[in-house]
Structure formats: C-alpha cells, structure tokens
Amino acid sequence: MRGEKALSEKGPIFILSIDGGGSRGVIPANVLYYMEHHSKIAVRDTFDFFAGVSTGAMVAAFIARNAGSMEELATHSYSSANLSRIMDKSVWDKMLGRMQNQPKYDGTNKRAYVELLTEGTRINDIADKHLLILAYDFINRELVTFKNNRGHDAAYNPSLTEVCDAATAAPTLYPTVSTSAPKRRWLIDGALATNDPSLCAITESLALGYSLDDIWMVSLGTGHPVRDLSQEDRDVIGEASRDWGIVGWLANGLLDHMMSASSSVSSHQCAQLLGDRYMRINGDLPRKLMQLDNTTEVRVEDLQAFAFQWFEQAQQPLRELCARVGEARQSRSTPAIAGR
C-alpha cells in the first residue's frame with residue numbers, strides 16, 4: 001500500500017495506447033513521427049505509460065525500450081520493405097491465403113525482427129516507464145497482461161521478444177507462441193480479447209494507485225472501414241452471410257470484424273470514464289486498405305497519407321491536451337503556499 005500511495009502522489013499519469021491492426025500499424029507509427037516532427041512533442045518523455053496490443057504491442061515496446069526515434073519507427077519498422085519481410089508470402093500463401101490448413105506465414109521473419117528490435121531486453125529491464133502488452137491464452141481462455149515489474153506474468157521476467165512475438169501471433173496468420181515460464185502456456189494475439197488496450201491501461205493505472213481524475217490518455221487507432229456501401233450492397237452481403245460457415249466468415253474478414261468491434265466498445269467506455277482527459281486519434285479507411293497484411297508500397301503510402309490527415313485534424317487538440325497535462329503536473333508538484 002505504501003508503494004501505491006507514493007505512486008499516486010506523483011500526480012497525473014499520461015497514457016499512450018496503441019491498437020492492433022497488422023500492417024495498418026503504419027498509421028500510429030506515422031502519427032507518432034508527426035507528433036515529434038511537426039508538433040515537437042517528445043513522445044517518450046511526454047508519456048508515462050505505453051500500452052499496446054498486436055502491432056500496437058510492437059510500437060509500445062519500441063518506445064518503452066527507447067529503441068530509436070519515431071522517425072526510425074515510421075520509416076524503417078513500418079516501411080513496405082520491412083513489413084514485406086515480416087509477412088513474406090510463398091507462392092502457395094499468395095494462392096490460398098487463409099484458406100490453407102496452416103498459418104499463412106511461418107513467423108520466422110517476424111520473430112527475427114522482434115529479436116533485432118529488443119536486443120535481449122527483458123520486460124523488467126524497463127524501469128522508468130510503465131508498459132502493458134496484451135496476449136491471449138486460448139487454452140485457458142483468458143487475457144494475459146504482460147506488465148513490467150508487476151503481476152504474475154512479469155514474475156518470470158520474459159524477454160520482450162517472447163512477449164511481442166506472442167502478442168502479434170494473429171490466428172490464421174501466424175503460429176501460436178509458447179512461453180518460457182516454468183508452467184508453459186500457449187499464446188496468441190491479444191486482439192482476440194480486445195483490439196484496443198486503453199481500458200486495460202486505465203484499470204492498471206487504478207491498480208497502481210492513481211485516481212481516475214489523475215489519468216490522461218491519447219489512444220491511437222488503426223482505422224475502421226468507411227461506410228460507403230449502398231443499401232442494396234449491404235443487403236446483398238447480408239443475405240449472403242446467412243450461408244457463411246467458417247470458411248465464408250474467414251474469407252470475409254472475421255478477425256477484422258472482431259478487432260473493430262472490440263475497439264469501438266473500448267473507446268466508448270474510455271471516453272465515458274475520462275471525459276476531456278481522453279483523446280482518440282482514428283478515422284475511416286477505404287475497405288481496400290483494411291487488410292491486415294497488404295504490404296505493397298502503394299498501400300503503405302496510402303496509409304501514411306491517412307495518418308497525416310488524421311494527425312492534422314488532431315494536432316491542435318493534441319497540443320492543448322499535452323499542455324493541460326503539463327499544467328496538472330505543475331500544480332501537483334508546486335508546494336502549497338501558507339495562507340492560500
């Protein structure tokens with residue numbers, strides 16, 4: 001309890017939360033770059049807590065570990081060339097996609113990239129920031145919360161490689177990942193539980209001893225499909241969906257639907273809880289850009305363009321929110337003057 005009280009006395013906690021979305025991680029990576037390049041907001045210095053799921057877990061770990069600049073994150077990690085290596089397609093992959101009887105990708109290049117990114121860092125090595133990464137234990141059917149220096153999932157101090165590999169093991173796309181804990185578990189992408197880690201980050205902050213009034217947040221989404229279908233088109237799809245089995249649903253983006261649904265629920269709840277201390281940067285995407293694993297240069301450039309558009313819309317409110325957090329921190333750190 002003493003530790004929790006001490007943490008709460010530090011005043012406001014500023015959370016950066018990043019959604020999942022596969023290669024659509026291009027969007028939050030570029031929004032963060034624009035924050036530093038255009039708004040002069042030093043991302044790692046500004047935020048106290050980084051939370052991520054799926055591709056957002058990679059971004060959160062990158063920042064928490066201080067692995068590089070936001071420019072490196074946007075121009076290298078989420079470049080078409082690097083994403084294409086991570087999602088390397090064989091001829092059979094291209095022909096069969098998710099309809100084959102094995103994961104679409106073998107995960108070898110993904111694991112190799114994560115190892116390069118984390119350089120052997122273990123989750124408890126991060127001591128100056130809070131980090132929360134979500135995975136899902138599909139055998140026990142429970143959410144797994146990896147937190148640095150807190151909770152039973154940090155007790156065995158897993159490597160960030162293991163954590164990020166598990167957190168991005170999207171069903172049908174990548175193989176399941178086993179943990180190195182004495183009691184081994186089999187984990188998959190945390191987006192199966194929730195594609196937006198914001199609400200989990202709020203509850204973790206409360207557990208750390210912060211009051212709800214001291215929690216501030218910027219939440220970065222990866223897009224939702226634009227509502228551009230006519231009623232006739234909707235009816236055609238709706239009627240066809242009556243006959244879909246597992247193959248039909250997979251072919252029509254079952255995983256994407258689950259991710260979009262959980263994100264919308266989480267963002268609604270966070271807005272209700274935090275009010276004007278919460279900001280969500282997200283927007284509509286054309287349906288052709290919603291694919292989780294399209295890594296072509298043209299598609300990445302399109303995502304970069306949307307990232308800039310959303311950032312431009314959010315830039316002034318974002319600056320104002322950061323200024324208000326600064327004022328709240330200042331008021332908490334300034335000693336009260338006697339007689340006032």
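This structure is a prediction, so every number in the text was calculated from the model and none was measured.

Per the counting criterion, the structure on display carries 7 aromatic pairs. Judged by centre distance (5.1 Å) and plane angle (80°), the ring pair of tyrosine 34 and phenylalanine 308 falls under edge-to-face. Here the residue tyrosine 34 occupies a position in helix H2 (residues 26-37), and phenylalanine 308 occupies one in helix H14 (residues 297-333), the gap between them amounting to 274 residues. A residue is classified by how much of its surface remains accessible, and tyrosine 34, at 11% relative accessible area, is buried. Judged by relative accessible area, which is 32%, phenylalanine 308 ranks as partly exposed. Centroid distance tyrosine 34 to phenylalanine 311: 5.8 Å. Interplanar angle 40°. Geometry classified as tilted. Of this pair, tyrosine 34 sits in helix H2 while phenylalanine 311 sits in helix H14, and the two are 277 residues apart along the sequence. Considered together, tyrosine 34 and phenylalanine 311 belong to a single accessibility category, that of buried residues. Positioned above the aromatic ring of tyrosine 174 is the side chain of lysine 110, whose terminal nitrogen or guanidinium carbon lies 4.7 Å from the ring centre.

Below, the discussion takes up the packing of helix H8 (residues 108-118) against helix H9 (residues 160-167). Here H8 crosses H9 at 140°, and the two axes come no closer than 9 Å. When the interaxial angle is binned, H8 and H9 end up oblique. Seen from above, H8 lies across H9 with right-handed handedness. Where H8 abuts H9, its residues Lys110, Arg111, Val114, Glu115 and Thr118 lie against Leu160, Thr161, Glu162, Cys164 and Asp165. For the contact of H8 with H9, the class distribution of residues is 3 nonpolar, 2 polar and 5 charged.

Looking at the protein, the pLDDT average stands at 86 and 85% of residues meet or exceed 70. For residues 1-8, every residue scores under 50 in pLDDT, and the model assigns this stretch 9 contacts once sequence neighbours within four places are set aside. Per-residue pLDDT stays below 50 along residues 336-340; that stretch engages in 0 contacts with residues further than four places along the chain or on separate chains.

Our focus in this paragraph is the environment of serine 17. Here serine 17 shows up in strand S1 (residues 13-18). Residues contacting serine 17, with those up to four places away along its chain left out, are Ala51, Asp196, Pro197, Ser198, Met217, Val218, Ser219 and Leu220.

Conventions and cut-offs
Residues numbered from 1 in each chain as written. Predicted model: local features only at pLDDT ≥ 70, side-chain atom pairs only at ≥ 80, totals over all residues. Heavy atoms only, no water. Phe/Tyr/Trp six-rings, centres within 6.5 Å; stacked < 30°, edge-to-face > 60°. Helix = DSSP H or I, 4+ residues; strand = E, 2+ residues; numbered from the N terminus. Buried < 20%, exposed > 50% of the residue type's maximum accessible area, 1.4 Å probe, protein only. Lys NZ or Arg CZ within 6 Å of the ring centre and 35° of its normal. Axes fitted to C-alpha atoms, helices over the stretch in contact; angles between N-to-C directions. Parallel < 35°, antiparallel > 145°, perpendicular 65-115°, else oblique. Left-handed = near helix turned anticlockwise from the far one by under 90°. Contact = heavy atoms within 4.5 Å. Nonpolar A, V, L, I, M, F, W, Y, C, P; charged D, E, K, R; others polar. pLDDT = per-residue confidence, 0-100.

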